[in-house]
Amino acid sequence: PYLMVYVNGPLGQQEIKITPALNIYPNPANNGHLTVELDSEISAKAEIVNLNGQAVASYILNSKVNTLNISELSTGVYLLKVDQNGLTSTQKFMVK
């Protein structure tokens, strides 16, 4: 459920886990909804943060495709942080 990268370094080959795959649309969002696609059906926590670092909404994601109601968000740029299985992925999106 996440991207694996192998790096050859001075101590040999190391395995690095990269954040889980995350796809959000539409971006910019203009209909009061944001769809979040995860790469697995493992439950995840999602949080929307404004650019001042304040959490403005939180959700529990229970499937691969989730629709978030963002109709109460003002026009602007936000970050969606998704924590799934101990790994966090963040994407920027805009609300029109």
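The structure under discussion appears in the preceding block.
Small disclaimer: the values here were computed from a predicted structure and weren't measured.

> Any chance you could break down the nonpolar core for me, citing the residues and the numbers?
With 20 residues, the main nonpolar core has Ile48, Leu61, Ile70, Leu80 and Phe93 as its most contacted residues. Among the secondary structure elements, those contributing two or more residues to this core are β3 (22-25), β4 (33-38), β5 (44-50), β6 (55-61), β8 (76-84) and β9 (87-95). Here Leu61 is in contact with Val36, Leu38, Ile42, Ser43, Ala44, Ala46, Asn66, Leu68 and Val82, once residues within four sequence places are set aside.

> If you had to explain the side chain of Thr35 to someone new, which residues and values would you point to?
Of note, Thr35 is situated in strand β4. A residue is classified by how much of its surface remains accessible, and Thr35, at 13% relative accessible area, is buried. In this structure Thr35 touches Asn23, Ile24, Tyr25, Val65, Asn66 and Thr67, once residues within four positions along its chain are discounted.

> Summarise the environment of Ser71; cite the residues concerned and give the values.
Following the sequence through the fold, Ser71 ends up in the loop between β7 (65-69) and β8. With 37 residues separating them in the primary sequence, Ser71 and Leu34 have C-alpha atoms 9.4 Å apart. Within the structure, Ser71 has its side chain in polar contact with the side chain of Asn69 (distance 2.8 Å).

> Go over the side chain of Asn50 with me, naming the residues and quoting the values.
Here Asn50 is to be found in strand β5. Of the residues examined, Asn50 reaches a relative accessible area of 15% and is grouped as buried. Within the structure, the side chain of Asn50 is placed 2.9 Å from the side chain of Gln54, a separation counted as a polar contact. Here Asn50 is in contact with Val56, Val77 and Tyr78, once residues within four sequence places are set aside.

What counts, and where the lines are drawn
- Residues numbered from 1 in each chain as written.
- Predicted model: local features only at pLDDT ≥ 70, side-chain atom pairs only at ≥ 80, totals over all residues.
- Heavy atoms only, no water.
- Core = buried A, V, L, I, M, F, W, Y, C linked by side-chain atoms within 4.5 Å.
- Buried < 20%, exposed > 50% of the residue type's maximum accessible area, 1.4 Å probe, protein only.
- Helix = DSSP H or I, 4+ residues; strand = E, 2+ residues; numbered from the N terminus.
- Contact = heavy atoms within 4.5 Å.
- Polar contact = N/O pair within 3.5 Å; in protein donor to acceptor, adjacent residues only side chain to side chain.

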